[in-house]
Amino acid sequence: MKLNRRVFIGTSAAAAATLAAPSVFAAGHGKPRVVVVGGGAGGATAARYIAKDSKGEINVTLIEPTRMYYTCFFSNLYLGGFKKIDDLGHSYGGLAAGGVNVVHDWATGVDRDAKTVALAGGGSVPYDKLILSPGIDFVDGAVEGWDLSAQNAMPHAYKGGSQTELLKAQLMAMPEGGTFAMVAPPNPYRCPPGPYERVSMVAHYLKANNPTAKIIVADPKAKFSKQGLFQEGWANHYEGMVDWIGEDFGGGNVSVDPNAMTVTIDGEETSVDVCNVIPAMKAGRIAELAGVTDGNWAPVNAADMSSKADGDVYVLGDAASQGDMPKSGFSANSQAKVCANAVRGALTGSKVFPAKFSNTCWSLIDTNDGVKVGATYEATEEKIAKVDGFISATGESADLRRATYEESEGWYAGITADMFG
């Protein structure tokens, strides 16, 4: 069920949408204006659904600097050799063809009084409703010795595209018997690309290409999602290769030296050949610039994803502090549909349905060894609250694990079509 949607209208349509962008800044012909910042699972979905369901009644502008979106979900499978990088890339041509004004630029500020979004290229875009879906940035100083200037030596690979390609190149260049280290993030963190699926995919690659190599994981957490499933898989498929060092054993006391390529865990320094540093995370910078964050994240009202700081601003996906949902692409897509329905209703008087949310996170441990965890959620006054959930069990049959992996492939095809049209 391989999917490559770049064939569909492609960069020419996206470029045409950009060239047409000045018309966005004009009067808008009296239509209400929605501006969406960030073209990932939350932003692209919201923009597409508002444009599609309003049938031209709302002027929708998507601001996204990149012309190709590379999904973080399934990027670990690229590291493991199950996907090519082009499998992860998607253009914005389908959104442009569906009536979304796609502007390829950086949003550099929000004036909530004037209701405008400033662009790096100059000028600003007016809005009646603003949707922010900027993903994540990293907390300064979260890992001693590491900052963004070190991301080429010690990549985070937590934003899709070039960082993912860099980590794969470093993995392929590891010397025989070398050491791959990961500094895992504290909660909450974007998933996927989940750190523990990444460990599994790195181990899969090394087992086939560098079987005497070792993997060290320094983790500030005492436990992690699907831990029993991953540790069962590591024991079954990669015996002796993965050394997970959790909080109880000093996994949170870590520093790195990108110049010397060393990792120090609880006072013990180790030379490494590749080091994947995944720092603590926070909402993408534009949410902070807009003044809708409280600490690292942006609090929202569960019923419609509106900001608690401003009812005309909405925050989706990884950047939002919303309650029980994980920071996943599935979650962002689910939240975007609730938000799109609410925004369309507010601007056109159309029916608004009660908010319902769902999420599933799949992980691949080895070939056809797929596992998952998920839940359904409802909006309460306080937060998005979990209603019920499910998780794969240890000891499942090979047929069930294969079916779980195949299910994830179907989901990938479905969500990318849902996002980009």
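The paragraphs below set out a description of the structure included in this document. Note that the coordinates shown come from a computational prediction; the quantities given were computed from them, not determined experimentally.

### Some thoughts on the overall build of the chain
Next up, step 1: When you go through the chain residue by residue, the secondary structure sums to ten helices and 24 strands.
Next up, step 2: By the burial criterion, 57% of the 421 residues in the chain qualify as buried.
Next up, step 3: Summarising the internal contacts of the chain: among those between residues at least 6 apart in sequence, 68% fall at separations of at least 24.
Next up, step 4: By element, 49% of the accessible surface of the chain is carried by carbon and sulfur atoms, the whole surface being about 16,800 Å².
Next up, step 5: Counting 36 positive and 46 negative side-chain charges, the chain places the averaged centre of each group 9 Å from the other.

### Examining the packing of aromatic side chains
Next up, step 1: Following the criterion strictly, the structure yields 15 aromatic pairs and no others.
Next up, step 2: Plain terms: the ring middles of F224 and W244 are 5.3 Å apart, the flat faces sit at 65 degrees to each other, and that makes the pair edge-to-face. Within this pair, whereas F224 is found in the loop between strand 12 (214-218) and helix 7 (227-237), its partner W244 is found in strand 13 (residues 242-245), the two being separated by 20 residues in sequence. Across the pair, W244 and F224 agree in class, each one buried.

### Comments concerning the packing of helix 2 (residues 43-54) against helix 9 (residues 329-348)
Next up, step 1: Between helix 2 and helix 9, whose axes approach to 8 Å, the crossing angle comes to 40 degrees. Both helix 2 and helix 9 take part in a crossing whose hand is right-handed. Across the interface between the two elements, T45, A46, Y49, I50, D53 and S54 of helix 2 pack against N333, A336, K337, A340, V343 and R344 of helix 9.

### Examining unusual backbone geometry
Next up, step 1: The peptide bond linking C191 to P192 adopts the cis configuration, its omega dihedral lying at 5 degrees.
Next up, step 2: With respect to the element layout, P192 can be found in the loop between strand 11 (179-183) and helix 6 (195-209).
Next up, step 3: With omega at 10 degrees, the peptide bond leading from P192 into P193 counts as cis.
Next up, step 4: With respect to the secondary-structure elements, P193 resides in the loop between strand 11 and helix 6.
Next up, step 5: Look at M305: it is not a glycine, yet its phi comes out positive at around 70 degrees.
Next up, step 6: With respect to the element layout, M305 can be found in the loop between strand 19 (298-299) and strand 20 (313-315).

### Brief notes about the sheet that holds strand 7 (residues 116-119)
Next up, step 1: Taken together, the three strands give an open sheet; going across it, the order is 6-7-8, and neighbouring strands pair in antiparallel fashion. At either end of the open sheet lies a strand with only one pairing partner, and these are strand 6 (107-111) and strand 8 (124-126). Each adjacent strand pair in this sheet contributes to an overall mean axis angle of 25 degrees, direction not counted.
Next up, step 2: Alignment of strand 6 against strand 7, held across four bridges, turns out to be antiparallel. Each bridged residue has a counterpart across the sheet, and for A107 the counterpart in strand 7 is L119.

### Side note on the pattern of salt bridges
Next up, step 1: For the coordinates displayed, the defined rule picks out 17 salt bridges.
Next up, step 2: Between R401 and E396 there is a salt bridge, and its shortest N-O distance comes to 2.7 Å.
Next up, step 3: Linked through salt bridges whose partners overlap, the residues forming this network are E232, D369, E396 and R401.

### Some thoughts on the state of the cysteines
Next up, step 1: In this structure the tally under the stated criterion is zero disulfides.
Next up, step 2: With no disulfide of its own, C72 lies 10 Å from the sulfur of C191, the closest cysteine sulfur.
Next up, step 3: Summary of cysteine pairing: C361 is not part of a disulfide, and the nearest cysteine sulfur, belonging to C191, is at 5.0 Å.

### Here's the deal with the pairing of strand 13
Next up, step 1: Relative to strand 13, strand 12 runs parallel, the two being bridged by four bridges. From the neighbouring strand, V217 faces strand 13, where its bridge partner is W244.
Next up, step 2: At this point the chain moves from strand 12, through helix 7, to the parallel strand 13, and the crossover so formed is right-handed.

### Observations regarding the nonpolar core
It is characteristic of soluble globular proteins that their nonpolar side chains tend to be buried jointly.
Next up, step 1: I131, V256 and C275 are the most contacted members of the largest nonpolar core, which totals 126 residues.
Next up, step 2: Contacts of C275, omitting those with residues within four sequence positions, involve M154, P155, A181, V183, V256, M261 and V263.

### Notes on helix 6
Next up, step 1: Along its 15 residues, helix 6 runs 21 Å from first to last C-alpha, staying within 8% of the 21 Å computed at 1.5 Å per residue.
Next up, step 2: Counting buried residues along helix 6, twelve of its 15 residues qualify, which places the element largely inside the surrounding structure.
Next up, step 3: Taken together, the buried positions of helix 6 are occupied by P195, Y196, E197, R198, V199, S200, M201, V202, A203, H204, Y205 and L206.

### Some points on the sheet that holds strand 22 (residues 356-366)
Next up, step 1: Sheet architecture is open: three strands sit in the order 22-23-24, paired in antiparallel fashion. Strand pairing shows two members of the sheet lacking a second neighbour, strand 22 and strand 24 (384-391), which therefore form its edges. For this sheet, the mean angle separating the axes of adjacent strands, direction not counted, is 20 degrees.
Next up, step 2: Pairing between strand 22 and strand 23 (residues 369-379): ten bridges, direction antiparallel. Each bridged residue has a counterpart across the sheet, and for S363 the counterpart in strand 23 is V371.
Next up, step 3: Its contacts with the sheet place helix 7 against strand 22, strand 23 and strand 24, and it is angled at close to 15 degrees to strand 22.

Basis of the calculations
Residues numbered from 1 in each chain as written. Predicted model: local features only at pLDDT ≥ 70, side-chain atom pairs only at ≥ 80, totals over all residues. Heavy atoms only, no water. Helix = DSSP H or I, 4+ residues; strand = E, 2+ residues; numbered from the N terminus. Buried < 20%, exposed > 50% of the residue type's maximum accessible area, 1.4 Å probe, protein only. Contact = heavy atoms within 4.5 Å. Areas by Shrake-Rupley, 256 points an atom, 1.4 Å probe, with all protein chains shown as cover. Lys, Arg positive; Asp, Glu negative; His and termini not counted. Charge placed at Lys NZ, Arg CZ, Asp CG, Glu CD. Phe/Tyr/Trp six-rings, centres within 6.5 Å; stacked < 30°, edge-to-face > 60°. Axes fitted to C-alpha atoms, helices over the stretch in contact; angles between N-to-C directions. Left-handed = near helix turned anticlockwise from the far one by under 90°. Pairing = 2+ DSSP bridges. Salt bridge = Lys/Arg side-chain N within 4 Å of Asp/Glu carboxyl O. Disulfide = S-S within 2.5 Å. Right-handed = clockwise from strand over helix to strand, strands pointing away. Core = buried A, V, L, I, M, F, W, Y, C linked by side-chain atoms within 4.5 Å. Expected span 1.5 Å × (residues − 1).

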